[in-house]
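The primary structure of each chain is shown beneath.
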Amino acid sequence: MLKPTGEAGTTLILGGARSGKSGFAERLVLESGLVPVYVATGRVLDEEMGDRIAKHRQQRGEAWKTVEEPEDLETALDHETRPDRAVLVDCLTLWITNLMMNDADILARSASLCGTLSRVKGPVVLVSNEVGMGIVPENRMARDFRDHAGRLHQQIAAIAAQVYFVAAGLPLKMKG
Amino acid sequence: MLKPTGEAGTTLILGGARSGKSGFAERLVLESGLVPVYVATGRVLDEEMGDRIAKHRQQRGEAWKTVEEPEDLETALDHETRPDRAVLVDCLTLWITNLMMNDADILARSASLCGTLSRVKGPVVLVSNEVGMGIVPENRMARDFRDHAGRLHQQIAAIAAQVYFVAAGLPLKMKG
Amino acid sequence: MLKPTGEAGTTLILGGARSGKSGFAERLVLESGLVPVYVATGRVLDEEMGDRIAKHRQQRGEAWKTVEEPEDLETALDHETRPDRAVLVDCLTLWITNLMMNDADILARSASLCGTLSRVKGPVVLVSNEVGMGIVPENRMARDFRDHAGRLHQQIAAIAAQVYFVAAGLPLKMKG
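Remember, it's a predicted structure, so these values are computed and weren't measured experimentally.

K.L.:
Where do I start with the relation of the copies chain A and chain C in this structure?
P.N.:
To go from the first copy of the chain to the second, apply a rotation about an axis and then a shift along the same axis. Placing chain A over chain C gives an RMSD of 0.0 Å and needs a rotation angle of 120°, together with 0.0 Å of translation along the axis. Here the two chains are linked by the operation of a three-fold rotation axis. When C-alpha distances to the rotation axis are compared across chain A, the minimum falls at Gly134(A), with a value of 2.5 Å.

Below you can see the structure in the form of structure tokens.
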């Protein structure tokens, strides 16, 4: 359960690819009874990506307000959070990818995101991919990406009210 | 514990490579006291694969009836399940691999397998590899494979009586 | 909590890259109140590796005695364990990497490490990377590495008093 209206609270949902993490996050948001807002961080770079995003949007249905914000997640959260809304961010790993492509300072932005989360005006559910449980990748950029993602997950988990790990569509509560 | 004789029930066991998932599945089956049947989906394509399969078979010992069925898992389950037997399928990821190699319609076959599981005549334990917790693979086929595997895990977990996640040989109950 | 002074006990801590597993292991050791000893298995092969190791050492601070032992972990444990010390080994996956580079017999050495752990004179905390939850790697050496790591994790988990799985800095108790 998300925190009731008027209470800010961060929920982090981690899982592998096709683990059902987004579906679980959407159920959490809808069960809150708050107005559901979807913040999509994915940038459509090719057809495959476009297909995935369109399919996700179709599955969510029309109840949701959708905001596309590939980079300035902090401002999107400042604008979209309200006591009567539950905001779902899907997903942090795409946000990090976009920041890396623009040579942003990921450490600074991770800190800035955590700062934003500490002052938002309504509950926020953040979905992210677990990417660090395979073999060490051969290229440096992929290793840096794993480091950035893992570090951000730790920082958000430290301030989150709830953390779930999802596998095969089933949530495992890690915190909260 | 598997469901007692006469009760149908699906158990899904997920885990990484060399996580001990097969060993745990075998113990579950043997502890049931039912006649153990092993459905091997692996197709011997090279020596490495042959070695792995031979080693697994040797470790299982002689109590087991072994059936090799790389593709038509649904028919194998229809034939092999009985109230006095416990059937172990090892593993779903190899089954998906075989289907992909033959350009089968994975969505249709996943649905067909779930349909079969809903009407089998005895308990079935399905082992599968968690493959979605590393970096996004560079080739499309590997990404499709992750999607197929993850989707199938979610579908089976939704109908399963029990789901376990295994790491370092230790089971973590996710459902049941 | 580690076992109190005078009791031998093995703790295994598994997690993905940047999961916070080392940080959690360090907290376990420090909370024990015993003298903290850090056994580093990493061998500095390039600048990136050197940076990571230096950063880790800096984060740990000065309370720790640090021992560098890339290969002969068994002797290091024989020497360093004492009832009034808690020894942290970071990490097993680098140890396996070093052994593989020298064509060591990994099965024999895994058995030898388990033998050592059964007779050490004080608590030992072993950190290791979960590396088997991604797509099957294309090169044989990476597949062998996954096998060696997974097998060793199972063997140590079987004799360990406690096993934790860490994600996003949060420990999940698997055993103990």
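K.L.:
Explain the sheet that holds strand β7 (residues 170–175) of chain B here, please?
P.N.:
Whenever strands of a sheet pair, they do so through backbone hydrogen bonds, lying parallel or antiparallel. Residues and elements named next belong to chain B. The seven strands lie next to each other as β3-β2-β4-β5-β1-β6-β7, forming an open sheet whose pairing is mixed. The open sheet terminates on both sides in strands that have one partner only, identified here as β3 (65–68) and β7. Pairs of neighbouring strands in the sheet enclose a mean axial angle of 20°, with direction left out of account. Pairing between strand β2 (residues 35–40) and β3: four bridges, direction parallel. Bridge pairing links Tyr38 to Thr66 in β3. Against the sheet, helix α6 (residues 140–159) makes contact with β1 (10–15), β5 (124–129), β6 (162–167) and β7, and its axis sits at roughly 140° relative to β1, the strand it touches most.

K.L.:
Explain the interface of chain B and chain A here, please?
P.N.:
The extent of an interface is frequently quoted as the accessible surface area lost upon association of the parts. The interface is formed by 20 residues belonging to chain B together with 23 residues belonging to chain A. Broken down residue by residue, the surface that chain B buries against chain A is led by Met133(B), Ile135(B) and Met174(B), which jointly contribute 38%. As a salt-bridge pair, Asp147(B) and Arg18(A) come within 3.6 Å of each other at their nearest N and O atoms. Scanning the region where chain B abuts chain A turns up five residue pairs in polar contact (both at pLDDT 80 or more). When contributions to the side of chain B that touches chain A are tallied by element, the ones reaching two or more residues are α6, β6 and β7 of chain B. Sorting elements by how many residues they give to the side of chain B that touches chain A places α6(B) first, with nine residues. When grouped by side-chain class, the residues that make up the side of chain B that touches chain A number eight nonpolar, five polar and seven charged.

K.L.:
Is there a simple way to think about the interface of chain A and chain C in this case?
P.N.:
On the side of chain C, 23 residues touch chain A, which itself brings 20 residues to the contact. In this assembly, chain A packs against chain C so that about 1800 Å² is buried in total across both faces, 62% of it on carbon and sulfur atoms. Counting the surface chain A buries against chain C, the share from its top three residues, Met133(A), Ile135(A) and Met174(A), is 38%. Put simply, chain A and chain C have one salt bridge between them. Linking chain A with chain C are five residue pairs in polar contact (both at pLDDT 80 or more). The set of elements that each furnish at least two residues to the side of chain A that touches chain C consists of α6 (140–159), β6 (162–167) and β7 (170–175) of chain A. Of the residues forming the side of chain A that touches chain C, the biggest block, nine residues, is contributed by α6(A). Residues of the side of chain A that touches chain C, tallied by class, amount to eight nonpolar, five polar and seven charged.

K.L.:
What am I meant to see in the packing of aromatic side chains here?
P.N.:
Residue and element names in this part refer to chain B. Tallied over the entire structure, the rule returns six aromatic pairs over all chains. On the basis of an interplanar angle of 85° and a centroid distance of 6.1 Å, the ring pair of Tyr38 and Trp64 is categorised as edge-to-face. Taken as a pair, Tyr38 in strand β2 and Trp64 in the loop between α2 (47–60) and β3 lie far apart in primary sequence, 26 residues in all. Of the residues examined, Tyr38 reaches a relative accessible area of 4% and is grouped as buried.

K.L.:
Help me understand the pairing of strand β1 (residues 10–15) of chain C in this model?
P.N.:
Both faces of the sheet carry side chains from a regular strand, because those side chains alternate between them. Residue and element names in this part refer to chain C. A large share of β1 lies buried, amounting to six of its six residues. Burial of the side chains of β1 extends over both faces: Thr10, Leu12 and Leu14 are buried on one face and Thr11, Ile13 and Gly15 on the other. In this sheet, strand β5 (residues 124–129) lies alongside β1 in parallel orientation, the contact comprising six bridges. Paired with Ile13 across the two strands is Val127, which belongs to β5.

K.L.:
What is the right way to look at the sheet that holds strand β2 (residues 35–40) of chain A in this model?
P.N.:
All names here are of chain A. Read across the sheet, seven strands follow the order β3-β2-β4-β5-β1-β6-β7 without closing on themselves; strand pairing throughout is mixed. Every other strand in the sheet has two partners, leaving β3 (65–68) and β7 as the edge strands with one partner each. Here the average twist between neighbouring strands, direction ignored, is 20°. Bridging between β2 and strand β4 (residues 85–90) involves six bridges; their strand directions are parallel.

K.L.:
How do you make sense of unusual backbone geometry when you look at a structure like this?
P.N.:
Residues and elements named next belong to chain B. Put simply, Asp90 and Cys91 share a cis peptide bond, and its omega is 5°. Mapped onto the elements, Cys91 comes out in the loop between β4 (85–90) and α4 (92–101). Unusually for a residue other than glycine, Asp103 sits at a positive phi of about 55°. Note on placement: Asp103 falls in the loop between α4 and α5 (106–117).

K.L.:
Help me out: how do you make sense of the side chain of Thr11(A) in this one?
P.N.:
Residues and elements named next belong to chain A. Take Thr11: it is sitting in strand β1 (residues 10–15). Overall, the relative accessible area of 2% leaves Thr11 in the buried class. Each residue touching Thr11, except ones within four places of it in the same chain, is listed here: Leu2, Leu28, Val124, Val125, Leu126, Gln162 and Tyr164.

K.L.:
Where do I start with the environment of Asn102(C) in this structure?
P.N.:
Residue and element names in this part refer to chain C. Its location among the elements puts Asn102 in the loop between α4 (92–101) and α5 (106–117). Residue class for Asn102 comes out partly exposed when judged on its relative accessible area of 42%. Along the sequence, Asn102 and Glu71 sit 31 residues apart, while their C-alpha atoms lie 9.4 Å from each other. Contacts of Asn102, omitting those with residues within four sequence positions, involve Arg43 and Glu71.

K.L.:
What exactly am I supposed to notice about the packing of α4(C) against α5(C) here?
P.N.:
Angle between the axes and distance between the axes: these two values describe a pair of packed helices. Residues and elements named next belong to chain C. Axis separation between α4 and α5 bottoms out at 11 Å; the angle between their running directions is 140°. Comparing the axis directions of α4 and α5 gives the class oblique. Regarding α4 and α5, the two cross each other, and that crossing is right-handed. Across from Leu92, Trp95, Ile96, Leu99 and Met100 in α4, the residues of α5 making contact are Ile106, Arg109, Ser110 and Leu113. When the residues that make up the contact of α4 with α5 are grouped by side-chain class, the tally is seven nonpolar, one polar and one charged.

How each quantity is defined
Residue numbers restart at each chain and count upward from 1, following the sequence in its written direction. For this description, chains carry letters from A and ligands carry numbers from 1, given in the order in which they are written. Two thresholds apply to this predicted model, a pLDDT of at least 70 for residue-level local features and 80 or more for giving and counting side-chain atom pairs, whereas whole-chain, interface and lining totals are computed over all residues. Side-chain figures throughout are based on the complete set of non-hydrogen atoms in the structure, without hydrogens or water. Here the copies were fitted onto each other by least squares, based on C-alpha atoms from residues at pLDDT of at least 70 in both. Pairing between two strands is assigned when DSSP locates at least 2 bridges connecting them. Each helix corresponds to a stretch of at least 4 residues labelled H or I by DSSP, and each strand to a stretch of at least 2 residues labelled E; elements are numbered beginning at the N terminus. Fitted lines through C-alpha atoms give the axes, limited to the stretch in contact for helices. The angle between two N-to-C directions lies from 0 to 180 degrees. Residue contacts are counted whenever heavy atoms from the two residues lie within 4.5 Å of one another. Accessible area, probed at 1.4 Å, shrinks when two parts are joined; the buried area is that loss added up over both. Here, a salt bridge means any side-chain nitrogen of Lys or Arg that lies within 4 Å of a carboxyl oxygen of Asp or Glu. What qualifies as a polar contact is a pair of N or O atoms within 3.5 Å, subject to a donor-acceptor requirement within protein and to the restriction that residues adjacent in sequence count only when both atoms come from side chains. Residues are grouped as follows: Ala, Val, Leu, Ile, Met, Phe, Trp, Tyr, Cys and Pro are nonpolar; Asp, Glu, Lys and Arg are charged; every other residue, Gly included, is polar. Here a Phe, Tyr or Trp ring, Trp counted by its six-membered ring, pairs with any other such ring whose centre lies within 6.5 Å, and the pair is stacked when the planes are under 30 degrees apart, edge-to-face when over 60, and tilted otherwise. Accessibility here uses a 1.4 Å probe with only protein chains present; expressed as a share of the type maximum, an area under 20% marks a residue as buried, one over 50% as exposed, and anything in between as partly exposed. The cut-offs work like this: below 35 degrees is roughly parallel, past 145 is roughly antiparallel, 65 to 115 is roughly perpendicular, and the gaps in between are oblique. Here a crossing is called left-handed whenever its near helix is offset anticlockwise from the far helix by less than a right angle, and right-handed whenever the offset is clockwise.

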